[in-house]
Amino acid sequence: MKQIQGGVTAPKGFRAAGIHCGVKQGKCDGNQPIVSSMKDYLTGKKDLAMILSEQECNAAAVYTLNRVKAAPLYVTMEHLEDGVCRGVIANSGNANACAPYSHENAQRMCQAAAAATGLKESDFVVASTGVIGQTLNIAAIEKGMPVLVEQLSDQGSDDAANAIMTTDTEKKEIALSLTIGGKTVTIGAIAKGSGMIHPNMGTMLAFITTDCAITSEMLSDAMREIVPRTFNRVTVDGDTSTNDMCVVLANGMAGNEQIEWKDDSYHIFEKALYQVCEHLARSIAADGEGASRLVTCTVSAARSEESAERLAKAVVGSALVKAAMFGADANWGRVLCAMGYSKAPFRPEYVDISFRSILGEVAVCRQGAGLDFDEELAKNILSQDEVIIDVVLHEGEHQATCWGCDLTYDYVKINGDYRT
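Residues numbered from 1 in each chain as written. Predicted model: local features only at pLDDT ≥ 70, side-chain atom pairs only at ≥ 80, totals over all residues. Heavy atoms only, no water.

### Some points on the layout of surface pockets
- Quantified by volume, the second largest pocket comes out at close to 260 Å³.
- Lining the second largest pocket are 17 residues; nearest its centre among them are Thr169, Glu170, Ser283, Ala286 and Asp287.
- Of all the elements in the fold, those that place two or more residues in the lining of the second largest pocket are strand S6 (172–180) and helix H7 (264–286).
- Per element, the largest residue contribution to the lining of the second largest pocket is 3 residues, and it comes from H7. (1 Å grid on protein atoms, 1.4 Å probe; cavity = no way out; pocket = protein on both sides within 12 Å on 5 of 7 lines; lining within 4 Å. Points joined across faces, edges and corners; volume = space filled by probe spheres on them. Helix = DSSP H or I, 4+ residues; strand = E, 2+ residues; numbered from the N terminus.)

### Description of the packing of helix H6 (residues 216–226) against H7
- Here H6 crosses H7 at 50°, and the two axes come no closer than 10 Å. Put simply, H6 runs oblique to H7. Considering only the axes of H6 and H7, their crossing is right-handed. Across the interface between the two elements, Met218, Leu219, Asp221, Ala222, Met223, Glu225 and Ile226 from H6 touch Tyr266, Phe269, Glu270, Leu273, Tyr274 and Cys277 from H7.
- Per-class residue counts for the contact of H6 with H7 are 10 nonpolar, no polar and 3 charged. (Axes fitted to C-alpha atoms, helices over the stretch in contact; angles between N-to-C directions. Parallel < 35°, antiparallel > 145°, perpendicular 65-115°, else oblique. Left-handed = near helix turned anticlockwise from the far one by under 90°. Contact = heavy atoms within 4.5 Å. Nonpolar A, V, L, I, M, F, W, Y, C, P; charged D, E, K, R; others polar.)

### Quick word on the pairing of strand S10 (residues 294–302)
- Counting buried residues in S10 gives 9 out of 9 residues, a clear majority hidden from the surface.
- Here S10 pairs with strand S14 (residues 386–392) via 7 bridges, running parallel. Within S14, the position partnered with Thr298 by the bridge is Asp390.
- Note that S10 and strand S15 (residues 398–405) share 7 bridges and pair antiparallel. Bridge pairing links Leu294 to Cys405 in S15. (Buried < 20%, exposed > 50% of the residue type's maximum accessible area, 1.4 Å probe, protein only. Pairing = 2+ DSSP bridges.)

### Section: the side chain of Ser307
- Looking at the element boundaries, Ser307 is found in helix H8 (residues 305–317).
- Excluding residues within four positions of it along the chain, Ser307 makes contact with Ala302, Ala344 and Pro345.

Written as structure tokens, this is what we have:
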């Protein structure tokens, strides 16, 4: 298994594109597309993306657990009832959630994609991300769709990755190559996510492609295994989005014998898919709105994986822990405090806590009590791009890792006027 270039277009038979169509510009009354020149489509902030397979794909998806769900999720659920599709159409700049004509506009996005590609409306998964409650400028999307299709390329993953970004500062993209049944199989992915992120399906959009031959049932099983241990272990700000979606498409063009059971081939594929999802989860946490560093918490020697996860989530989700990480302050009491209100069972008097990074490790708590430590060393350790909080419970054999980020002044600046 090795990491390669190419993102969602690395697997055989997939093309992608991203253009600027002006979703956030002009009136959103459905009558005023404003982009008029090819230069504008290709040079403006990209806001419309497509991923398309040459062949029909087996597919599976996981969605937000928020009771308020955006219209594109319901349309996607309907289109994936038979477990197959051909591509993805997605926009940034508007969530198409809790807004007038939202369901109709999600359908119109698929209809426009179908008309431009000669396929069926139901062949497309649809996704949106951006501001909630504002009417989607569907006319701009419909006008830009033929241009988007013209730009489809086996080198188009980068453009698609940029087109789904909102407050993200960096694209999230990865591809892996591996061997299954003597055939080279590739998995590629792009994702977006920066704010409104809390465990309950990662609070993001993620699109995964593969040329592996595998049934939609096996894809669904793999997603149910992997998502709780990757995307659901990310938190940035405690808010679960209305638009979260993770979709995987498999067109079978690698030529391996189709995976229909949980045999050795399935487990090889699942391991690679886990690696892809973990990479994206870490990338989302590291690029949290206003973040200056990735904060990782591993809770080990726990009674169960579930309790370890709950404890680790509480730590990386604590506003006070996040603020301490921003200030490079080794305030371990905040870690223990967050664990205490997590409702997970543990014995505080058994707990050891240490902080580490590429500069080393400093133990700050043993058996629930503070240790003397070098404050200057601790500050240097906590000033790195990734800080790891290690918690050892001495109660069992299970562990879990969760990811978050620090809390900076910029988070408030970004979200104070996000809508306006």
